[in-house]
Structures are given as structure tokens and as C-alpha cells.
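# Reading the structure
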Amino acid sequence: MDGLPGWSRVVSSRNDAELAEIKAKTDLITVGQPVNLDTLPRESGGSGGGSVVVEAGFETVSDVLTKAQPEAVGTTLIARQGGYAYEVAPATATDHHITTESGTKLYVKPKDGEYYLAAWGVDGTGATDVHDKFEAAVELAMANDTPLVLTQDHILLEGNNFFFNIPEGQTLYIRSPNGTTVRTTGPNISFRRSNIRFQENLSADVERYATQVTVADTSDVKHGDFVYFKNEQARIDRNWSYPKYCIRRVQAVIDATTIEIDQPMDMWFYTQDGNRNGRAVTSITQASRAIVTASNHGLTEGDLCRFEDLVGMPELQGGLFRVGTVNGDSFDLQATDSSPIDSSSYGAFTSAEVFLQGPTEIEVSPSASVDIDNINFLVGVAHIPISAINVANGEITTSSPHGLATGYIINLHEVGGTTQLNGNDYEAVRVSDTVFTLRSFDGVAIDTTGMTAFTSGGYVRRSAGEFTSKVAFERIEGRVRRCSFVGVIPGWLEGVVDTVTITATDNLHLDHCHFERGRYCPLIQAGARNTRVTNSTASKIRHMDIAGWAQDTLLEDITGNDTDCLIQSHPNIRPTYRRIRDSVRHSNNSAIDIRGVGEVVEDCRSWSTVGVDVGTQEFKPVSVYGDWMASFTRRITGFESATGAISAGGGCPMIVERCKVPYISQGGTGKVTVDGTTEVTQLLDRSLGTPFAQIAMTERVEIPLIQAYTSERRFGAITSITQADTAVDS
């Protein structure tokens, strides 16, 4: 074929015999005229090879899957609608992608350099489960480092969890030009790296600010690999007991057993560490064989242990010990080499807590990434079509059994006529298998008598059952754009789940996303570093929660509606909240409720309809981390709320600048500095017994380290203040 090098076209004998039928379906072959060359490049989607052999086309993907007959290996079949192509695989093939009804095995071929989920013949209405086809399409896209395109309106995923293990150095691309809804009923969807280099116990202590780490063997380690530190027995704070986590990257391989990481460590990791679930020690004997007594200590012979908050017997301070013979609530104390501890010359013991020690693990894994664009994840949601609504008595009838029990939380969507019900959250009251009514969360029946008559359509969204369905990003990097993550239950109600989690990732960026109806959305945890959520919106969620010692998170240009306070966190390091606009309706915590270290809040606004209160829990570091916490500074600049307070837990210093709030609360012993431009609009009378420091100053000052501070306008001159444990003015 002149002018078409590398292209070929073969018309089989079966085509000749069925020419009339083919001509009625396609213009690929036209009698009496030159052949209309709808040809394909010489390439193979599977393990086959050789020239492309073009069969007569089929009108649709369904025709390919239901009408195609056995063909010669290498034959290409075309679905004219959509332009999807397939190559016939050998009958013995095990790497094929699709099997037709006739038993023909096919390889799906990419179209314009991308795979299309439509080529698998999926239901695009969301009525039937496409779990297996979706999983097969994603696996093929990953294996060939090729994007996957979703063009469906709605796909349904049921069955088992999805674990998409992205190969080393590759990116999983999934995009939708029209915003496909991906609805799950029960399964989780997890995007994560495919393998690890190695996982081992840390062989040498890693101190704070360290940049080099000792491992057993660096021969397989590469620049850019993830380095994940974790110790499940160790903690920094007393209130929540989050294990210690940290994510770094390999900057360089120094030698056969040393790697350099890309950022100094913010905390230390001992080879053996642990301060969770301590037990009070009531006695340690002064004898040639030290015996420790601690009720319900839970330790077994051979365990390693440490003592915290030690008063008396200073010789044990900071040491690592082994548990010897256990006798009820008592055990022999030994050195790590199992030799007995002679405490006969030690100082007298007064009090302490004993903690089980566990090894710090280090995991090195290759980098992998995601690039997901314009997908609407509807997580853990069952859809039940509505067939009728009787506005006279409030009864709603579904076209199939609804599966609701009284008290189930539901919301209605796309109802025709009675549009007043759309988008709202209710509790269901079961009448029969297909009929229910609505009530509010305080048990009051919903009056529908004044609503517009029902016309048609609509569906009920309910939780699919006792599932914790979510979308999870684990140990990867990348970006997620123009996506939504929506559950069923508003964030402040019982049974709610975290609809999207970000775990031990690095440089994951969520941009122009929407988060709705979930508890922590997203939940950023387990040392995740450099997570960015920008230009996004949130509705009916509890918090965008940063926890589990995530580091250097950025939440920027986010609008919250009907939330439980967006500027909120559990223990984490150096998050930045910038230009947050938040409407708080379901919390009396505060407008700012932060419990980490080194937070930065800049130019944020919050509106609350629930009044002013202080509800934050104080971050109480264990004794060895008191100075560590104090080394970070928290800064709040340009924050304004007419009804919500600044509420911060923990002992790190806090600077408040250019703010306007009812009052400021700082838990713990951290010094607070307030500048002269900050306005405090509601001075509350707080007793000295409160664990929070109520601060209201007209100029920049440092607040003394005291249990609590009361801000209240008083009249009359103060003549003296006593120098005593409890200061008294007169």
C-alpha cells in the first residue's frame, strides 16, 4: 500500500462470505469501490506480535464481546462507536484482558496512548457492579505505565477491597473528561507503592537533627527512596498516645551501611523505645537482686523496659533494662545482657512508671506516584431509587427493598417535585420493606404537608452497612485534582467514617477538591510529610485532621460550610493553615483547635453559630519531650472570628498577632505573646481551676507560667500581689 508504510489490511475469507452483512454494519468494505482504509498501526496490546490483521468492525463494544467469533491470533477487532480496538490472543494465553462470550481471548489496545475503561464494556449507569473490570483496567494501565480514562457517568464498585500497588518509579494516571462518579458500597480503594526494598529493626539510635542513618545493607537503596521510621510502643504525648512516625527520603548512599536523608530528623528514634501504656511502680528493692513491683504490669520474661517520671533511685534514670523472672506483679530487673541488677547501693526508690520497650522499625521503599483527575468518589454509599412520595403523610416508597432500620442516617437526591428534601440529612423511620418516613436527629417527624407534590425520580443514599469504606493514599506521592470525596453521614454523627486517608505519604497534593460527609476528611497521618490541600471546599465534615506526627502540612485557600472546625489537629509538626474560610455549626470546641507543635495560622476567618466555648484537649508531652515541645513556636497571625476562640493545647510558645477573637486559650505551660493590635472582644470569667490560660492583653507581653490565668475586667486599684504558690491580689 503506497504511502502507508508499516500498515497492513487483510480481509479474511469469512469476511468475503459475509460481505453483505458487514456492509450493512460498517463502511470498512464497500463493494465496487476502493476499500475505506480504517487502519491501525502495527502494534500489539498483549504478548502477541507480527502484522495487524483487521477484521470487519463491530458497531459497539457489546457487539465485540457478544458477537465476535473465534479468529486467527493477531486479528484486530474494532468497536466503531468509541474507536476501541482489540487483538485476538492465543487460546492458551493467560495474560489476556477480556474473554468474549464465544471464548475468544482478547488484548485491549490503547487508543491515542491511553486505555479506556469503556473498552471493557462496563455499565456506565451505576446499576451493576463493575469491580472486576475496573480492577483489570487499572492493573493493565499500571503494568504499561499508561493512563486510564473513565468516560462513564457512574460506575459501581462492590465486593473486596482494591489495593492498587503502583510499580517502582511509575505513576498511575486516572482521569475523567466528564467527572465520572465512582461509587463504592463496602470496599476500600487504596493507592500505594508496590514493594519495599527492605524492612528491619533500627540498628543504631537516630538523634534529633540527624541526617545519616545506619542500615544493614544499602546495595539496593536508590536516591529518592522513601525512608519510614515507626515505633508502635513509643509516644510523645500522654493524651492520645499516637505512635512515633517519620517520613524522609534518601538523599545519598554514603557507604555500604549508611544513607543520608533529605531533611534532619525532628525527633529521635532509639533502637528500643516505648512509653505507651505505662504502669505505676510501687517499689524497687535495694538489694543484690533488684525486684520491681507494678500492679498489672503486663510484662513477660525477656521483655525490655524503661522507667519514666522516676523519683528516687536516680541510677535507673534513662537506662534500658530486661525483665527477668516474673512473679505476679513483681519481676527481677536485669541488664540488657540478662545479668541481675544489684541495687543495694542505689538511692531509695519513691515512684515511677515502667514501660514496655519495642524496636524501632525502618522501612525503605521505592517511590511511586498517582495522578488522578476529575473523579467523584462516592464512598460507602448505597443508592435506592424512589418510586413515590406521599406529601400528605410523609411516606416515601422505594422501587426495591430499602434495607433501612429506624434511626439510619440518610439523604435524598434528584427528587422531582418534592425538591425541598434534596440534599438534606435525616433519620429514617421504617414503615415496611419499601416504605419509610423521615425524622430529624432529635426525633421530630418531618412535616411534608406543605411541600411540592412528587413528580418522579430521585434516590435515597444510605450507608451500605457496617463498613469503613474509604479512599486511601499510602506511601506514595503525586497529585489529585478536581476530585470529590463524599460519604453519607455528616461528620459529627455516630457511625461516621474517614472518607479519605493520607498515610505515610510524601509530597501528595490535593487541589480543587471537595470533601463532604465524613469525620476526618482528609485524615493526614502516620508521619505523612509535605501534604498540600489547596483551593478546595468542605461541607458537613468534622475536621480536616492532621494527626499521627504528620509533618509540614499545608491547608490553603479552603472554604468550609457546616463543619465542626477546619483549623483543627491532633499531634503533628509545623502545619500551615492559610486563608481558611470556615462556617462552624456543629462544634463548641473553638474556631481554632490545634494540638500539635509549631503551627502557623495566617489570614483565616471563622463563623460559628454555636457560641463561644473552650473544648480543646491539652497536648501533654511525656517528661522526656517537655523541652522538645518548648523548642517549637506556634504563630497565629491575622485570624478573625466574632464567635469562635483561639484554643491551643500544648506547651510550646504561642505568638498571637493582628487577631480579633472573643478570647484566647492556651493549655499547658507554653508562654503566650499577644501583640497590641489584637482585639479580644469577650472577656470571660473563668475560675482558677480551669486547665486553660485565658489571655487578654493590650500590648505584647509574656504570660507567666502558671496553672491558669483569668481575664476579667475588675474595678479598683490593686495594692499588692502576694508571692506565693497561689497569687492573691488585694
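One can find the structure itself at the top, above this paragraph.
Now for a description of the structure that goes with this document.

The rules behind these values
- Position labels on residues start from 1 in each chain and follow its written sequence.
- Where totals are concerned, whole chains, interfaces and linings use all residues; where local detail is concerned, this predicted model gives features only for residues with pLDDT of at least 70, and gives and counts side-chain atom pairs only at 80 or more.
- The basis for the side-chain values is all heavy atoms of the structure; hydrogens and waters are excluded.
- Segments assigned H or I by DSSP are reported as helices when at least four residues long, segments assigned E as strands when at least two residues long, and all are numbered from the N terminus.
- Accessibility here uses a 1.4 Å probe with only protein chains present; expressed as a share of the type maximum, an area under 20% marks a residue as buried, one over 50% as exposed, and anything in between as partly exposed.
- A contact between two residues is defined here by any heavy atoms of the two lying within 4.5 Å.
- The term nonpolar core refers to a set of buried residues drawn from Ala, Val, Leu, Ile, Met, Phe, Trp, Tyr and Cys, joined through side-chain atoms within 4.5 Å.
- By definition here, a helix of n residues has an expected span of 1.5 Å times n minus one.
- DSSP-based pairing: two strands are paired if at least 2 bridges between them are found.
- Axis definition: a line fitted to C-alpha atoms, over the contacting stretch in the case of helices. Angles run 0 to 180 degrees between N-to-C directions.
- Pairs of N or O atoms are called polar contacts if they sit within 3.5 Å, as long as, within protein, a hydrogen donor faces a hydrogen acceptor (for residues adjacent in sequence, only side-chain-to-side-chain pairs).
- Counting rule for charge: Lys and Arg are taken as positive, Asp and Glu as negative, and neither His nor the chain ends is counted.
- What counts as a salt bridge is simple: a side-chain nitrogen of Lys or Arg found within 4 Å of a carboxyl oxygen of Asp or Glu.

Relative to the helices and strands, Arg-461 is located in strand β34 (residues 459-463). The class of Arg-461 is buried, set by a relative accessible area of 12%. With 49 residues separating them along the chain, Arg-461 and Leu-412 place their C-alpha atoms 6.1 Å apart. Not counting residues up to four positions away in its chain, the partners in contact with Arg-461 are Leu-378, Val-381, Ala-382, His-383, Ile-409, Ile-410, Asn-411, His-413, Val-486 and Val-488.

It is worth spelling out the nonpolar core at this point. The biggest cluster of nonpolar side chains holds 91 residues, and the ones touching the most others in it are Phe-191, Phe-473, Phe-485, Phe-515 and Phe-639. Per-element tally for this core: the top contributor is helix α4 (residues 131-143), with 6 residues. Not counting chain neighbours up to four residues away, the residues in contact with Phe-639 comprise Ile-567, Ala-591, Ile-592, Cys-604, Arg-605, Ser-606, Gly-644, Ile-646, Arg-658, Cys-659, Lys-660 and Val-661. Core analysis: the next-biggest nonpolar cluster, separate from the first, contains 29 residues, Phe-229, Met-265, Ile-573 and Val-597 among them.

Before going further, it helps to spend a moment on unusual backbone geometry. Cis geometry is found at the peptide bond from Cys-521 to Pro-522, where omega equals -5°. With respect to the helices and strands, Pro-522 occurs in strand β40 (residues 514-525). Look at Asp-309: it is not a glycine, yet its phi comes out positive at around 50°. Its location among the elements puts Asp-309 in strand β22 (residues 304-312). Note on Asp-309: relative accessible area 31%, which makes it partly exposed. In this structure, Lys-540 takes a positive phi of about 60° despite not being glycine. As for its position among the elements, Lys-540 is in strand β41 (residues 532-546).

Looking now at α4. Here α4 is 13 residues long and its end C-alpha atoms lie 18 Å apart, about the 18 Å a rise of 1.5 Å per residue gives. His-131, Phe-134, Ala-137, Val-138, Leu-140, Ala-141 and Met-142 are the residues of α4 that are buried. Looking one or two places after α4, you find Asp-145, whose phi comes out positive at around 50°.

With that settled, consider the sheet that holds strand β31 (residues 409-413). The strand order around the closed barrel formed by 6 strands is β29-β30-β33-β32-β31-β34, and the pairing between neighbours is antiparallel. Direction aside, neighbouring strands of the sheet carry axes that sit 45° apart on average.

In this structure, Asn-572 sits in the loop between β42 (554-563) and β43 (576-584). Among the polar contacts made by the side chain of Asn-572, one reaches the side chain of Ser-569 at a distance of 3.3 Å. Residues within four places of Asn-572 in sequence aside, it is in contact with Ile-546, Trp-549, Ala-550, Gly-596 and Val-597.

Let us now look at the side chain of Lys-105. Along the chain, Lys-105 turns up in strand β5 (residues 105-109). The side chain of Lys-105 is buried and forms no salt bridge, while Asp-95, the nearest opposite charge, is found at 8.2 Å. One polar contact links the side chain of Lys-105 to the main-chain carbonyl oxygen of Ala-93, over a distance of 2.8 Å. Apart from the residues within four sequence positions on either side, Lys-105 is in contact with Glu-87, Val-88, Ala-89, Pro-90, Ala-91, Thr-92, Ala-93, His-96, Ile-98 and Thr-99.

On to the sheet that holds strand β14 (residues 198-201). Sheets are built from strands paired through backbone hydrogen bonds, the pairs being either parallel or antiparallel. One open sheet holds the 6 strands; their spatial order is β14-β26-β16-β17-β18-β15, and the pairing between them is antiparallel. Looking along the sheet, the strands with just one partner apiece sit at the ends: β14 and β15 (212-214). With strand direction ignored, the average angle separating the axes of adjacent strands in the sheet is 35°. Alignment of strand β16 (residues 226-235) against strand β17 (residues 243-255), held across 7 bridges, turns out to be antiparallel.

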